[in-house]
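Given next are the chains, with one letter for each unit.
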Amino acid sequence: MTQLDSPQSPTSETSNPLRLIAVALLLGWSVDYFFYDHALGLSFPIFIAVGALLMLGVAIAERVRPALGSLWLLIPIIVFAALVAVRAEPLTTFVNVASSLALGLLWVRTFRLGGLFHFGLLDYAVNYVLAGIETVIRPLSVLASASKQASARENNRRMWMPIARGLLLATPILCLFAILLSAADLVFADRLRDVLEKLNLDNLPELIERSVLILVSAYVAVGVFAVALRNAIPYSPRGDGDSLVPRFLGGIESGIVLGSINLLFAAFVVIQFQYLFGSTANITEAGYTYSEYARRGFGELVLVVAITLLILLALSAIVRRETRAAAGVFNALNVVMVGLVGVMVVSALQRLLLYEAIFGFTRLRTYSHVAIIWLGLLFAPYLLALLAGRMRWFATGALFVVIGFGLTLNALNVDRFIAARNVEYYKRNGTLHARYLLTLSDDALPELLPLLDSGDPEVLEALGPGLACRIDYASREYQARSWQSAHLAHQAAWDRLGQLGSSLSRWTVYKHPYDGDFVYVGEERALCATLLQSFVLEPGLTSEYR
């Protein structure tokens, strides 16, 4: 087994469980304060920062030294959390939230013992499972310890226990007499009603709901602190020599598998250079249109690349390489296959580029662009780990690839990128996918709004009704939002949309009690919910064209 990078040994108890529970309740209350009835925005990075500071503060109080090998995770955790308040595109927001929380859980699991750079793929999976189990189970033992600690303080028990029992006995009796006395005297009933109104008991369901949210969040926080500080289930990463199954496959069998796949891939690559990478005339002579050839095969190629990586990882785990010659042949066949897969990645990108040149950009195509590039880059740490004989390095490389994918989506600014490419498409071909562009998030507006100054009346007719609906939506939603929901993209959108009043004055948003908001496009009514369907109603979905 590989030794972890922290000299500390795990402990089974915290020095002060009551303090741990108090901090967890503070964190649970912050969940309610930051997120209850508030849209996601500035609250998320602040909450993540508060959680990280409380974790470090509790560690100092418990005299637990964080492992330096895992402390660097705070950087991507905070970066992804901050980007939640910057980008409005749905998948990017999901990736930011998920990455921040997933990396945070990884930091919690390795907070005390470290060992992150010794992890293989199996180690990541095991630690995530253990962290989830401990987060649910560990609070029970902490609560039990806190109960013992409170009971040990005899003076406190003598003072508080009678008070608690008295309140418990008095509450139902008071409720019974209050009901009877209210029925007996109308003036008393009015006064009692005034008192209850001041207590705002009409919101009792909401009060219960928020209390449950706080308590559940606090319970999870206790589990998180216990996982980080107690490490009740110690775990040592598996070394390179350890394997789930014995290496039972010989060099001849693996050579046949890899060699035959390489021959098939090589034949495919030859076709790519003859047709896809060659002259467009070759495609038409083969009986296909350019768009048909470009449209087919992208998804299949992505699947081939992913399956190839899984096959290589599996073979590296089960193939015996007892001699230097056997290892050399196996590595050489792997290098050849990775090179051929690289050509396939380029082929998939080329098909996507051809299709986009004909039909324009969408979110799905942009996601695919970024994903296939990072999927291809995932073969680099695989080869490095294979040739170095340290396959656990691949897991670390995969972690950085996942982080790189998320950061790329943010740096690209997906919706603005799509809008910019489609504006270029419009200027080149005279076709504007206005219906689709209107469903994009506020990130796209800096590229979309300048089109109104182009002087093209068709563009104004295509974008005007939808933008009028966006202005109405922004005036109702953005202005009423609390500071917890502050968001750079939404604020910038409101500032820009607020300057369009005069140019869009011909479109008025009307309210209908049943159909919802609508505008008149000519003599026809157009529902705002239809014009802005994915933007307003289903932010995770988009209507793709072609």
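Up top you'll find the structure we're talking about.
Worth saying up front: this structure is predicted, and the values here are computed from it rather than measured. (Residues numbered from 1 in each chain as written. Predicted model: local features only at pLDDT ≥ 70, side-chain atom pairs only at ≥ 80, totals over all residues. Heavy atoms only, no water.)

Draft legend 1. Up close: the overall build of the protein. For the protein, the helix and strand inventory stands at 24 helices and 2 strands. Within the span of the protein, comprising 546 residues, buried residues form 44% of the whole. Pairs at least 24 residues apart make up 80% of the contacts formed inside the protein by residues separated by at least 6 positions. (Helix = DSSP H or I, 4+ residues; strand = E, 2+ residues; numbered from the N terminus. Buried < 20%, exposed > 50% of the residue type's maximum accessible area, 1.4 Å probe, protein only. Contact = heavy atoms within 4.5 Å.)

Draft legend 2. Broad picture of unusual backbone geometry. Phi at Asp-37 takes a positive value of approximately 60 degrees, unusual for a residue other than glycine. By relative accessible area, Asp-37 is classed as exposed at 71%. In this model, Asn-413 sits at a positive phi of 55 degrees, which is unusual for a non-glycine residue. Residue placement: Asn-413 occurs in the loop between helix H17 (392–412) and helix H18 (414–429).

Draft legend 3. Local environment of the packing of aromatic side chains. One pass over the full model with this rule turns up 13 aromatic pairs. Here the aromatic rings of Trp-29 and Tyr-33 are separated by 5.1 Å at their centres, their planes lie at 15 degrees, and the arrangement is stacked. With a gap of 4 residues between them, Trp-29 and Tyr-33 both fall in helix H1 (residues 17–35), about one helical turn apart. By relative accessible area, which is 43% here, Trp-29 ends up partly exposed. Note on Tyr-33: relative accessible area 34%, which makes it partly exposed. Centroid distance Tyr-382 to Phe-394: 6.3 Å. Interplanar angle 85 degrees. Geometry classified as edge-to-face. Here Tyr-382 is found in helix H16 (residues 379–388), whereas its partner Phe-394 is found in helix H17, with 12 residues between them in sequence. The burial state of Tyr-382 is the same as that of Phe-394; both residues are buried. An aromatic cluster of three or more residues is present, and its members are Trp-29, Tyr-33, Phe-34, Phe-35, Phe-44, Phe-47 and Trp-483. (Phe/Tyr/Trp six-rings, centres within 6.5 Å; stacked < 30°, edge-to-face > 60°.)

Draft legend 4. Geometry of the packing of helix H15 (residues 363–377) against H18. Two elements in contact, H15 and H18, have axes separated by 10 Å at closest approach and are oriented at 115 degrees. Regarding the angle of H15 to H18, the classification is roughly perpendicular. Relative to H18, the crossing made by H15 is right-handed. Residues Arg-363, Thr-366 and Tyr-367 of H15 touch H18, and the partners they reach there are Val-414, Asp-415, Phe-417 and Ile-418. Tallied by class, residues from the contact of H15 with H18 come to 4 nonpolar, 1 polar and 2 charged. (Axes fitted to C-alpha atoms, helices over the stretch in contact; angles between N-to-C directions. Parallel < 35°, antiparallel > 145°, perpendicular 65-115°, else oblique. Left-handed = near helix turned anticlockwise from the far one by under 90°. Nonpolar A, V, L, I, M, F, W, Y, C, P; charged D, E, K, R; others polar.)

Draft legend 5. Up close: the nonpolar core. In this structure, Leu-73, Trp-107, Phe-111, Leu-116, Phe-225, Leu-229 and Leu-399 are the most contacted members of the largest nonpolar core, which totals 44 residues. When residues in this core are grouped by element, the largest group, 8 residues, is from helix H2 (residues 43–61). Beyond its immediate sequence surroundings of up to four residues, Phe-111 is in contact with Met-55, Leu-56, Ala-59, Val-64, Arg-65, Pro-66, Ala-67, Ala-228 and Leu-229. Core analysis: the second largest hydrophobic core is formed by 43 residues, Val-370, Ile-418, Val-423 and Ala-526 among them. (Core = buried A, V, L, I, M, F, W, Y, C linked by side-chain atoms within 4.5 Å.)

Draft legend 6. The pattern of salt bridges, seen in detail. If you walk through the whole model with that rule in mind, you get 9 salt bridges. With a shortest N-O distance of 3.7 Å, Arg-363 and Glu-89 are connected by a salt bridge. You can see Arg-363 sitting in helix H15 and its partner Glu-89 sitting in the loop between helix H4 (74–83) and helix H5 (90–109), a full 274 residues away along the chain. Given the relative accessible area of 3%, Arg-363 is considered buried. The exposure class assigned to Glu-89 is buried, which follows from its relative accessible area of 1%. Notably, a salt bridge pairs Glu-447 with Arg-416, separated by 3.0 Å at the nearest N-O pair. With Glu-447 in helix H20 (residues 445–448) and Arg-416 in helix H18, this pair connects stretches of sequence that are 31 residues apart. For Arg-416, a relative accessible area of 33% puts it in the partly exposed group. Members of the salt-bridge network, linked through shared partners, are Glu-89, Arg-363 and Asp-415. (Salt bridge = Lys/Arg side-chain N within 4 Å of Asp/Glu carboxyl O.)

Draft legend 7. Up close: H4. Burial in H4 covers these residues: Leu-74, Pro-76, Ile-77, Phe-80, Ala-81 and Leu-83. Tucked into the core, H4 has its buried residues touching H2, helix H3 (68–71), H5 and H17.

Draft legend 8. Geometry of the pairing of strand S2 (residues 524–527). Strand direction decides the pairing type here: strand S1 (residues 518–521) and S2, joined by 4 bridges, are antiparallel. Bridge pairing links Val-519 to Ala-526 in S2. (Pairing = 2+ DSSP bridges.)

Draft legend 9. Looking closely at H5. Under the 1.5 Å per step criterion, the end-to-end length of H5 is 29 Å for 20 residues, consistent within 8% with the ideal 28 Å. Here H5 starts with a cap whose side-chain oxygen sits 3.1 Å from the backbone nitrogen of Leu-91, and that cap is Glu-89. (Expected span 1.5 Å × (residues − 1). Polar contact = N/O pair within 3.5 Å; in protein donor to acceptor, adjacent residues only side chain to side chain.)

Honestly, that's just the spatial picture; any functional story needs more than this.
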